[in-house]
Amino acid sequence: MKHLQILSAIGILLSTSCMNKEEKSSIPVLNIDPTNSTTLNFSRIFDHYEIIPLCNDTVNLLTKPFKIEIKDSLIYFSNANSLYSYTHEGKCKLKINNVGVGPGEYLSLADFSLNDNCIEINDRDGRKIYRYTYDGVYLNSFNHRLFSYSFKKLEDHYIFHSGCLYNKELNNDYRVNILDENGHIKKSYFKIDKYEREINIMEYSNFASFNDTLSFSYCLSNYIYDINSETNKRLKINFGDYNLPYNYIKEHNNIIDFMNSIKNVKYASLIDGYKESSKFLFFSYAFHGERPFVLLNKSTNQVYHFNRFNDDLLFENTSIRTGYAELPVLLTNEAYYRFIEASDIIEILEEHKKSLTPEEWTKFKQKHEKLYQISQNISAESNPVIVKYYFKSNEI
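Computed from a predicted structure; not experimentally measured.

(A) Spatial organisation of the overall build of the protein. From N to C terminus, the protein includes five helices and 28 strands. The globule rule puts the C-alpha radius of gyration for 396 residues at 21 Å, and the 22 Å found for the protein is close to it. Considered along the principal axes of its C-alpha atoms, the protein spans approximately 70 × 55 × 40 Å. Residues classed as buried in the protein amount to 54% of the 396 residues present. A total of about 17900 Å² of accessible surface is found on the protein, and carbon and sulfur atoms cover 45% of it. Side-chain charges in the protein split into 45 positive and 50 negative, and the spacing between the mean points of these groups amounts to 3 Å.

(B) Broad picture of the nonpolar core. Of all hydrophobic cores here, the largest spans 31 residues; its most connected members are Phe 46, Leu 295, Leu 314, Tyr 336, Ile 340, Leu 371 and Tyr 389. At four residues, the largest contribution of residues to this core is made by strand E28 (residues 385–391). Counting residues in hydrophobic clusters, the runner-up holds 28 residues, among them Ile 192, Ile 201, Ile 227 and Tyr 267.

(C) Seen up close, the confidence of the model for the protein. Within the protein, residue pLDDT values average 89, and 93% of them lie at 70 or more. Scored below 50 in pLDDT, residues 1–17 makes 51 contacts in the model with residues more than four places away or belonging to other chains.

(D) Representation of the pairing of strand E7 (residues 82–86) within the structure. Across the five residues of E7, five count as buried, placing the element largely inside the fold. The alternating pattern of E7 places Ser 82, Tyr 84 and Tyr 86 and Leu 83 and Ser 85 on opposite faces, both of which are buried. Of the pairings in the sheet, the one linking strand E6 (residues 74–79) to E7 comprises five bridges and is antiparallel in character. Bridge pairing in E7 links Ile 75 to Tyr 86. The antiparallel pairing of E6 with E7 creates a hairpin that spans two residues between the two strands, and Ala 80 there sits at a positive phi of about 50°. Counted along the chain from E7 to the antiparallel partner strand E8 (residues 92–96), the turn is five residues long, and its residue Gly 90 has a positive phi close to 90°.

(E) Structural detail: a negative patch on the surface. Together, Asp 344, Glu 347, Glu 350 and Glu 351 make up a negatively charged patch on the protein surface. As for its placement among the helices and strands, Asp 344 is situated in helix H3 (residues 342–355).

(F) Local environment of the environment of Cys 118. Within the secondary structure layout, Cys 118 lies in the loop between strand E9 (109–114) and strand E10 (119–123). Here the alpha-carbon distance between Cys 118 and Tyr 189, two residues 71 residues apart in the chain, equals 27 Å. Here Cys 118 is in contact with Ser 113, Arg 131, Tyr 132, Tyr 134 and Leu 139, once residues within four sequence places are set aside.

Parameters at a glance
Residues numbered from 1 in each chain as written. Predicted model: local features only at pLDDT ≥ 70, side-chain atom pairs only at ≥ 80, totals over all residues. Heavy atoms only, no water. Helix = DSSP H or I, 4+ residues; strand = E, 2+ residues; numbered from the N terminus. Rg over C-alpha atoms; globule rule 2.2 N^0.38 Å. Buried < 20%, exposed > 50% of the residue type's maximum accessible area, 1.4 Å probe, protein only. Areas by Shrake-Rupley, 256 points an atom, 1.4 Å probe, with all protein chains shown as cover. Lys, Arg positive; Asp, Glu negative; His and termini not counted. Charge placed at Lys NZ, Arg CZ, Asp CG, Glu CD. Core = buried A, V, L, I, M, F, W, Y, C linked by side-chain atoms within 4.5 Å. pLDDT = per-residue confidence, 0-100. Contact = heavy atoms within 4.5 Å. Pairing = 2+ DSSP bridges. Patch = residues over 30% accessible without salt bridge, like charges linked within 9 Å, V, L, I, M, F, W, Y side chains within 5 Å. Salt bridge = Lys/Arg side-chain N within 4 Å of Asp/Glu carboxyl O.

Encoded structure:
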């Protein structure tokens, strides 16, 4: 394994390299020093961007989605128990909102998957998978009986993540279960310890698919796993002296106590927002009330470790604190996607107009013509926009 090139502005090394082999093991280790995160200028790794406004003519989103998927040039995401697809011009092409108890109706949309022939929706509360055509026509469903937050389909089976929840009906106390297309459990992984059962944390993303591989992470583990028919540790994230001891979970084994106390201790924990492609890996973690981001270029082994970022491609002198609201919603080999609230765009541009001279403001509007045009046609209640940041060629 090649040593990571040391980035002077990043300063995350705990040893002679960030990526090394765990002692007496072939598992690569990514060393992160939580005390040495910094500010990242987006222009350092991205060279241009694309703005995708989401039209308000038919749909008003209640919150920012936490993931998107792209198929046949359409952008898919879920929001408030509905599934949408949009063109890259921002036009809504599909809305599935079949909440109810009748045929083809679900109780809650927890996750979705885009497959070759259909869209599949995971009904968390109804514990079913519903299938629809890409025109939104209901096809069929099956009962998997698992209260689950996220899932993936892999060939002829399904993989569900249920967090720390014990399933009394199935006498199942595993985080991950593999089911066949009839809803029968074939294998189970990551048995839930009795001390973890009360620490059921809603996670933003757990699965990543690339190169015919399905990978998985969860917030109480510092490992990235490969999951196919078996499960193997693929990468260890090592915070050194700041690793959370397992005894801490035993001592704070209810969700309120755990979440309140973790903000005030020196430990790094709760890895979340996991995204991965064949070229990049991303995650965030909790440390002293903050949520720093880590982006690894797997081709060059460069690591970007930051707790603030300057979106200097889109704005001028705007430092943004990392956190759940700023997590990327998609990571590919070419680009990094995130949502920006319409109200944030309006506020930032108003501040720019006040702080810049008339000549500087005119130049800014010319440089960011599409952004300025969008700002003139939205209100604080408008849908968020998607920004697609393209990685520089030397990053790819």
